[in-house]
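# Descriptive structure summary
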Amino acid sequence: MSTKLWGGRFTKTTDEMINEFQASIGFDKRMYHEDIAGSIAHASMLAKCGIISDEDCAAIVGGLKDILAQIEKGTFSFDVALEDIHMNIEKRLTDAIGEAGGRLHTARSRNDQVALDTHMYVRKQVVEVEKLILDMQRALVETAQKYGDVIMPGYTHLQRAQPILFAHHLLAYFAMLSRDYARFAGVYERADIMPLGAGALAGTTFPIDREFVARQLNFAHIYGNSLDAVSDRDYIMEFLSAASILMVHLSRLSEETVLWCSREFSFIELDDAHCTGSSMMPQKKNPDVSELVRGKTGRVIGHLMAMLTTVKGLPLAYNKDLQEDKEGVFDAIDTVKFSLAVYAQILRGMKVRADVMKKAVTEDFSNATDLADYLVRKGMPFRQAHAVSGQAVHYCIEQHKWLEDLTMDEFKTLSPLFAEDIRDAIRPETCVKNRNSLGGTSYEQVARQLEAAAALMESEQKITAQQEEKQIDVK
Ligand code: ARG
């Protein structure tokens, strides 16, 4: 005879290796709080609907709270033979309170139970991710403000292109993170739907009240189709997709960090506390954190691919394959949270070498577009101005000069339209100041971006605070 909660129809005990293979307790125990909160709501609903007695409900709730305390104290021992967090808790409850414990699972299946727990867990973790995105956004804004008028070369093809404000560069990452925030807020909305009451797949014969459970657990919506409720993993795929895109953004920033702190660039210096040395080469100071964030991005993208692949061939409704949803999303949650937290630190500890960045702008031709634009303002068609500016660059390369070194005579030979004011027109500060089109790099446009960023962070903060209030805390 099997001793399992489902052991009735079995004549043999489960093989040891099979037990171990199919158990999820090793990783789903992190949903213990959600499982207990969900069971308390379910038991309360059963009592309210007259399906179990108030005494049984009170015994169940008391027993579950004891179990919660044991888990939090670290005295609860998890058993692999009991497969998962749901049966570990239910079995312990029944051992402790007897028959009443056996009534808890009325009108419920582990299929809707695990879906409920995972929805609650993901919903809660999205709030944590949002908070960390916000802090990273704050770190970007602080750094942009701290180095408000530092000019650097902007790049295309990793070739110096046009002078930009360093703040403008950082605010591009702010914009990416704003979209990440919005994506996670969307994940929250899609995770905010209550599956319990779907039973194993088809609903239940008992007169349950799903609205009551949804209210108890602060869910905004209830699944309208029981098959969908137990087999939907869209919100997990969406979490992983939002997480992958976020990691791609952090990875691009990491790549730039690695480049910028190389001796070749020397644009920034990372805090000693944020770097590591080499066991052999005494001079080394390596940007490991950035490299790791870049490296971990592949892992998170891998979890997304794994989940999409797991679900793509599944017939409705529940299949055990779906147990594979957890490790990936849990690891993605941990990775994204850790990466955001360390990166905010990296930014706050980073020193910017304004002198080196300036040199990279002045000892270069990144003001060649401005030279052409100058001629256009004097009446020359842009295509012709582009050619003249190109000739000026070619001439300078041959003469080992920069554009600002050209004499007035040399300028006049290139085009009679040049006058004294060309000198000011190609200074890096002027190049930056003049790119005052909406969203451009000018001081004015960057100041506007900073204002918009402050307003956006305020509204993000409000959304996150409202979501945080909805999280369930079993006392
Ligand atoms: N541990 C399982 C999971 O994570 C719970 C659901 C099991 N349901 C079942 N019918 N075997 O998916």
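This write-up is about the structure you can find in this document. Position numbers for residues start from 1 in each chain and track the written sequence from start to end. Where local features are concerned, this predicted model is filtered to residues with pLDDT of at least 70; where side-chain atom pairs are given and counted, the filter is 80 or more; whole-chain, interface and lining totals use all residues. Hydrogens and waters are ignored; side-chain quantities use all the structure's heavy atoms.

### Here's the deal with the overall build of the protein chain
Note the cut-off: Secondary structure follows DSSP: runs of H or I at least 4 residues long count as helices, runs of E at least 2 residues long count as strands, and numbering of each begins at the N terminus. Each radius of gyration is computed over the set of C-alpha atoms, and the globule rule expresses the reference value as 2.2 Å times the number of residues to the power 0.38. Buried means the residue's accessible area, taken with a 1.4 Å probe over protein chains only, is under 20% of the maximum for its type, while exposed means over 50%, and partly exposed covers the values in between. Contact definition: two residues touch when any of their heavy atoms are within 4.5 Å. Per-residue and other accessible areas follow the Shrake-Rupley method at a 1.4 Å probe size, with only the shown protein chains counted as cover for residues. Counting rule applied: Lys, Arg positive; Asp, Glu negative; His and chain ends not counted. We put the charge of a Lys on NZ, of an Arg on CZ, of an Asp on CG and of a Glu on CD.
Tallying secondary structure elements over the protein chain gives 20 helices and six strands in all. Computed over the C-alpha atoms, the radius of gyration of the protein chain is 30 Å, more than 25% above the 23 Å expected from 2.2 N^0.38 for a compact globule of 475 residues. Dimensions of the protein chain, computed from the C-alpha atoms along their principal axes, are close to 100 × 50 × 40 Å. Relative to its 475 residues, the protein chain shows a buried fraction of 50%. Long-range pairs, those at least 24 residues apart, make up 76% of the contacts in the protein chain with a sequence separation of at least 6. Split by element, the accessible area of the protein chain, about 22400 Å² in all, is 54% carbon and sulfur. Where the 54 positive side-chain charges of the protein chain centre and where its 68 negative ones centre are 2 Å apart.

### Examining unusual backbone geometry
Put simply, L316 and A317 share a cis peptide bond, and its omega is 0 degrees. Positioned with a positive phi, N218 is a non-glycine residue whose angle comes to about 55 degrees. Structurally, N218 is set in the loop between α9 (210-216) and β4 (221-222).

### Notes on the site of the ligand
Using the following cut-off: In this text, near means that some heavy atom of the residue lies within 4 Å of the molecule or strand in question. Counted as a polar contact is a pair of N or O atoms within 3.5 Å, where, for protein atoms, one must be capable of donating a hydrogen and the other of accepting one, and residues adjacent in sequence contribute only when both atoms are in side chains. Following the grouping adopted for this structure description, the nonpolar residues are Ala, Val, Leu, Ile, Met, Phe, Trp, Tyr, Cys and Pro, the charged ones are Asp, Glu, Lys and Arg, and the polar ones are all others, Gly among them.
In the vicinity of the ligand, the contacting residues are S24, D84, H86, R110, N111, V114, Y318, Q323 and K326. Take S24: an N or O atom from its side chain is 3.1 Å from a nitrogen atom of the ligand. In the environment of the ligand, a nitrogen atom lies 2.9 Å from a nitrogen or oxygen atom belonging to the side chain of D84. Contact with the protein chains hides 86% of the accessible area of the ligand, taken as 340 Å² for the molecule alone. In terms of residue count, the dominant contributor to the shell around the ligand is helix α7 (residues 110-146) (three residues). Within the shell around the ligand, the residues separate by chemical class into two nonpolar, four polar and three charged.

### Thoughts on the side chain of E460
The criterion, for reference: Salt bridges are counted wherever a side-chain nitrogen of Lys or Arg sits within 4 Å of a carboxyl oxygen of Asp or Glu.
Mapped onto the fold, E460 is located in helix α20 (residues 443-469). For the buried E460, no salt bridge exists, and the shortest N-O distance to an oppositely charged side chain is 7.6 Å, to R138. Setting aside anything within four residues of it in sequence, one finds E460 in contact with L134, Q137, S178 and Y181.

### Comments concerning the pattern of salt bridges
Counted according to the given criterion, the structure contains 34 salt bridges. K320 is the partner of E83 in a salt bridge, and the nearest nitrogen-oxygen pair spans 3.3 Å. Of this pair, E83 sits in the loop between α4 (54-73) and α5 (85-97) while K320 is found in the loop between α12 (288-312) and α13 (325-349), placing the two residues 237 residues apart along the sequence. What makes E83 buried here is its relative accessible area of 2%. A residue is classified by how much of its surface remains accessible, and K320, at 33% relative accessible area, is partly exposed. Close ionic contact of D180 with R183 constitutes a salt bridge, the shortest N to O distance being 3.3 Å. One end of the pair, D180, and the other, R183, are both in helix α8 (residues 166-191), three residues apart, so they sit about a helical turn from each other. On the accessibility criterion, D180 (0% relative accessible area) is buried.

### Topic: the environment of A214
On the secondary structure map, A214 appears in helix α9. Considered as a pair, A214 and M194 are 20 residues apart in the sequence and their alpha carbons are 6.1 Å apart. The contacts of A214, once residues within four sequence positions are left out, are M194, F219 and I222.

### Remarks on the pairing of strand β1 (residues 151-156)
Looking down a regular strand, the side chains alternate between one sheet face and the other. Quick note on the threshold: Note on pairing: DSSP must find at least two bridges between two strands before they are called paired.
Pairing geometry for β1 and strand β2 (residues 159-165), over six bridges, is antiparallel. Note that in β2 the partner of I151 across the bridge is L165. The turn linking β1 back onto β2 is made up of two residues, and H157 within it adopts a positive phi angle of 55 degrees.

### Describing a nonpolar patch on the surface
Let me state the cut-off plainly: Patch building starts from residues that exceed 30% relative accessible area and form no salt bridge, then joins like charges within 9 Å and nonpolar side chains (Val, Leu, Ile, Met, Phe, Trp, Tyr) within 5 Å.
Taken together, the side chains of V248, I301, M305 and L308 present a nonpolar region at the surface, about 290 Å² in accessible area. Ranked by the residues each element gives to the nonpolar patch, the list is headed by α12, at three residues. Of note, I301 is situated in helix α12. Among the residues examined, I301 registers a relative accessible area of 30% and is labelled partly exposed.

### Notes on the packing of helix α11 (residues 234-260) against α12
Note the threshold: In this analysis an axis means a line fitted to C-alpha atoms, helices contributing only their contacting stretch, and an angle means the value between N-to-C directions, from 0 to 180 degrees. For this classification, under 35 degrees means roughly parallel, over 145 means roughly antiparallel, 65 to 115 means roughly perpendicular, and everything else is oblique. Take the far helix as the reference: if the near one is turned anticlockwise from it by less than a right angle, the crossing is left-handed, and if turned clockwise, right-handed.
Taken N-terminus to C-terminus, the directions of α11 and α12 make an angle of 160 degrees; their axes are 8 Å apart at the nearest point. Looking at the two axes, α11 sits roughly antiparallel to α12. Crossing geometry of α11 relative to α12 is assigned as left-handed. In terms of residue class, the contact of α11 with α12 is made up of 15 nonpolar, eight polar and four charged.

### Describing the nonpolar core
The test is simple: By convention a nonpolar core is built from buried Ala, Val, Leu, Ile, Met, Phe, Trp, Tyr and Cys residues, the set being connected through side-chain atoms within 4.5 Å.
Of all hydrophobic cores here, the largest spans 85 residues; its most connected members are F166, F184, F239, F267 and L340. By residue number, the principal contributor to this core is α8, which donates 14 residues. In contact with L340, not counting residues within four places along its chain, are V129, L132, I133, M136, L177, L246 and L250. Residues A23, I36, L68 and L104 belong to the second largest nonpolar core, which totals 36 residues.

### A closer look at helix α15 (residues 368-377)
Those residues of α15 that sit buried are A368, D370, L371, A372, Y374 and L375. Tucked into the core, α15 has its buried residues touching β2, α16 (382-399), α17 (408-414), α18 (422-425) and α19 (428-434). G379 lies just past α15 and shows a positive phi near 115 degrees.

### Concerning the packing of α7 against α11
Between two packed helices, the angle of one axis relative to the other and the distance separating the axes together describe the packing. Look at α7 against α11: their axes get within 11 Å of each other, and the N-to-C directions meet at 20 degrees. Between α7 and α11, the angle is such that the two are roughly parallel. Taken as a pair, α7 and α11 cross one another with a handedness that is left-handed. The residues of α11 that touch α7, namely those facing A115, T118, H119, V122, V126, V129, I133 and M136, are Y235, I236, F239, L246, L250 and L253. In the contact of α7 with α11, the residues fall into 12 nonpolar, two polar and no charged.

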